[in-house]
Amino acid sequence: MKTGIVFHKKYLEHEQTPTHPERRERLAYTIDQLTEEGIFEDERIVLINPEPAKEEDVLRVHTREYIEFLKAASKTGGFIDFDTNVPVGLFEVAMLAAGGAIKAAKYVVEGKVRNAFAMVRPPGHHAKPYTGAGFCYINNVAVMVEWLKRRGFKRILILDWDAHHGDGTQEIFYEDDSVLFISTHQMPLYPGTGYPHEVGKGRGEGYTINIPLPPGTSDESYLYVFEKVIEPVAEEFKPEFIAISAGQDNHFTDPLTGLALTARGYAEMMKRAVDLAEKLCKGRLVAVLEGGYSVESALPYTNLGIIAALAGMDISNIREPAKILSELRWRKRDYASQKVRDTVAEVRSIHSKYWSCFR
Ligand SMILES: [Zn+2]
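Residues numbered from 1 in each chain as written. Predicted model: local features only at pLDDT ≥ 70, side-chain atom pairs only at ≥ 80, totals over all residues. Heavy atoms only, no water.

- Looking at an unreviewed UniProt entry, one finds the chain named Histone deacetylase and attributed to Ferroglobus placidus.

1. Focus: the overall build of the chain
So, point 1. Tallying secondary structure elements over the chain gives 11 helices and 10 strands in all.
So, point 2. At 19 Å, the chain has a C-alpha radius of gyration in line with the 21 Å of a compact globule built from 359 residues.
So, point 3. With the C-alpha coordinates of the chain rotated into their principal frame, the extents come out at 50 × 50 × 40 Å.
So, point 4. By residue count, 62% of the 359 residues in the chain fall in the buried class.
So, point 5. Contacts spanning at least 24 positions in sequence make up 78% of the contacts within the chain whose residues lie at least 6 apart.
So, point 6. Put simply, the chain shows about 13,800 Å² of open surface, and 50% of that area lies on carbon and sulfur atoms.
So, point 7. Between the averaged position of the 44 positive side-chain charges in the chain and that of its 50 negative side-chain charges there is a distance of 4 Å. (Helix = DSSP H or I, 4+ residues; strand = E, 2+ residues; numbered from the N terminus. Rg over C-alpha atoms; globule rule 2.2 N^0.38 Å. Buried < 20%, exposed > 50% of the residue type's maximum accessible area, 1.4 Å probe, protein only. Contact = heavy atoms within 4.5 Å. Areas by Shrake-Rupley, 256 points an atom, 1.4 Å probe, with all protein chains shown as cover. Lys, Arg positive; Asp, Glu negative; His and termini not counted. Charge placed at Lys NZ, Arg CZ, Asp CG, Glu CD.)

2. Some points on the pairing of strand β3 (residues 78-81)
Taken residue by residue, a regular strand's side chains alternate between the two faces of the sheet.
So, point 1. Judged from the 3 bridges that link them, β3 and strand β4 (residues 84-86) form a sheet pairing that is antiparallel. What sits directly across from D81, in β4, is T84.
So, point 2. Between the antiparallel neighbours β3 and β4 lie 2 residues. (Pairing = 2+ DSSP bridges.)

3. Some details on the UniProt feature "domain: Histone deacetylase" (unreviewed entry) in the chain
So, point 1. Taken from the UniProt record, the annotation "domain: Histone deacetylase" (unreviewed entry) applies to residues 20-297.
So, point 2. Counted over residues 20-297, helix gives 37% and strand 16%. Its end C-alpha atoms are 17 Å apart. (UniProt positions renumbered as here; feature names shortened; annotations may be inferred.)

4. Quick look at the packing of aromatic side chains
So, point 1. In this structure the tally under the stated criterion is 8 aromatic pairs.
So, point 2. Ring centres of F153 and F241 lie 5.7 Å apart, and the angle between their planes is 85°; this geometry places the pair in the edge-to-face category. Of this pair, F153 sits in the loop between α5 (140-150) and β6 (156-160) while F241 is found in strand β9 (residues 241-246), placing the two residues 88 residues apart along the sequence.
So, point 3. The class for F153 is buried, based on a relative accessible area of 11%. (Phe/Tyr/Trp six-rings, centres within 6.5 Å; stacked < 30°, edge-to-face > 60°.)

5. Structural notes on the packing of helix α3 (residues 64-76) against helix α4 (residues 90-109)
So, point 1. Two elements in contact, α3 and α4, have axes whose closest approach is 7 Å; the angle formed by their N-to-C orientations is 130°. As far as their axial angle goes, α4 and α3 are oblique. Residues I67, L70, K71 and S74 of α3 form the contact with α4, whose own contacting residues are L90, F91 and E92.
So, point 2. Classifying every residue of the contact of α3 with α4 gives 4 nonpolar, 1 polar and 2 charged. (Axes fitted to C-alpha atoms, helices over the stretch in contact; angles between N-to-C directions. Parallel < 35°, antiparallel > 145°, perpendicular 65-115°, else oblique. Nonpolar A, V, L, I, M, F, W, Y, C, P; charged D, E, K, R; others polar.)

6. A short note on the coordination of the zinc ion
So, point 1. The zinc ion binds to the protein through D162 (OD), H164 (ND1) and D249 (OD), with metal-donor distances spanning 1.9 to 2.1 Å.
So, point 2. The motif formed by the donor residues of the zinc ion, counted along the single chain, is D-x1-H-x84-D. Linking H164 in the loop between β6 and α6 (167-172) with D249 in the loop between β9 and α8 (263-280), this pair joins segments that are 85 residues apart in sequence. A single burial state applies to H164 and to D249, both of which are buried. (Donors = N, O, S within 2.8 Å, 3.2 Å for Na, K, Ca; no water.)

7. Quick word on the pattern of salt bridges
So, point 1. Across all of its chains, the model carries 26 salt bridges by this definition.
So, point 2. Between E110 and K112 there is a salt bridge, with the nearest N and O atoms lying 3.1 Å from each other.
So, point 3. Measuring nitrogen to oxygen at the nearest pair gives 2.7 Å for the salt bridge that ties R114 to E278. Note that R114 is positioned in the loop between α4 and β5 (115-118) and E278 in helix α8, a separation of 164 residues in sequence.
So, point 4. With a relative accessible area of 32%, R114 lands in the partly exposed category.
So, point 5. The partly exposed category is assigned to E278, whose relative accessible area is 30%. (Salt bridge = Lys/Arg side-chain N within 4 Å of Asp/Glu carboxyl O.)

8. Considerations on the side chain of R26
So, point 1. Positionally, R26 belongs in helix α1 (residues 25-36).
So, point 2. Overall, R26 belongs to the buried group, its relative accessible area being 1%.
So, point 3. Within the structure, the side chain of R26 is placed 2.8 Å from the backbone oxygen of E290, a separation counted as a polar contact.
So, point 4. Apart from the residues within four sequence positions on either side, R26 is in contact with P21, R121, P123, L289, E290, G291, G292, Y293, V295 and L299. (Polar contact = N/O pair within 3.5 Å; in protein donor to acceptor, adjacent residues only side chain to side chain.)

9. Digging into the nonpolar core
So, point 1. Core analysis: the biggest nonpolar cluster contains 116 residues, and M119, M144, I244 and M270 have the highest contact counts within it.
So, point 2. Element by element, the count of residues in this core is highest for α4, at 14 residues.
So, point 3. When residues no more than four places from it in sequence are discounted, the contact partners of M270 are W161, I244, L285, A287, I306, A309 and L310. (Core = buried A, V, L, I, M, F, W, Y, C linked by side-chain atoms within 4.5 Å.)

10. Observations regarding α5
So, point 1. Burial of α5 is extensive: 9 of the 11 residues sit out of reach of the surface.
So, point 2. Listed as buried for α5 are N140, V141, A142, V143, M144, V145, E146, W147 and L148.
So, point 3. Once α5 ends, the next one or two residues include G152, with phi positive near 95°.

This is how it looks when you write it as structure tokens:
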């Protein structure tokens with residue numbers, strides 16, 4: 001079993017401002033850590049060189065008007081929202097990020113690797129058909145999923161475990177019954193959407209599942225959500241491909257959020273996802289990097305945990321240095337586990353109308 005990693009040094013070039021949370025150090029520290037751990041020399045790892053997405057591929061997700069705006073703003077510098085500037089040269093990097101996700105899927109579909117991790121920047125899951133938002137410009141995971149649909153994939157599961165609700169991805173596939181979108185995210189938090197009663201519309205009704213989580217949610221509660229919602233519904237949906245919007249801002253040191261996941265928790269979640277892919281769709285799985293802003297204390301370890309789980313390596317030793325782990329007690333909240341149980345019961349009840357596994 002080989003695991004692909006998509007990376008390009010151009011992913012380090014994008015920067016809105018040096019103090020913006022979505023900055024180049026997010027990947028720079030990770031690359032150092034992965035190099036130190038010998039990941040790039042491991043025979044189970046295949047490094048994949050991305051190519052820019054084709055315009056026709058991004059136009060299956062975004063409007064021509066928005067893409068033309070991005071292109072023009074990228075020449076002069078521009079502005080989308082308070083958090084999301086368009087720095088000069090953005091368009092080329094954003095197309096390389098979307099193209100990186102496609103290339104990862106292509107390698108998996110062609111059997112060159114069993115699964116893959118597209119370690120791309122900028123992230124994508126808040127980008128909607130007609131606009132960017134929340135540090136995102138082109139919805140990388142959505143572009144990849146549309147690419148897969150064009151190649152005959154009829155049932156694709158998107159699991160978005162970023163700490164923020166994947167509102168862009170939800171909107172893109174809200175009326176689509178070929179894509180099951182499941183999001184776990186902190187609530188309250190930007191962008192403020194992702195309530196359990198948002199279930200999809202028209203043919204897509206029942207194919208959007210939102211599981212909002214309280215601040216302080218820990219590894220154990222995430223695994224509970226896997227056991228009670230994600231795994232049973234995935235087994236009923238029978239995806240032909242699993243895509244993961246792999247945000248890493250659920251980590252207990254993340255400066256923008258309040259969740260309490262550890263690097264080991266990330267590795268465990270990815271192992272569960274890999275096991276699902278092995279059971280349901282010949283291992284076909286691509287994780288696409290979304291957020292994650294704890295550049296020194298989290299990302300080097302969470303990225304390592306994700307890659308180790310994808311490649312079937314031993315994950316029992318994945319953990320942050322002790323000095324960092326001591327901060328966990330400030331984040332973990334006792335009340336969170338009961339709140340998560342209540343939310344899971346609510347989600348299962350709402351979705352029992354659509355999925356027999358919840359009845
Ligand atoms: Zn996020």
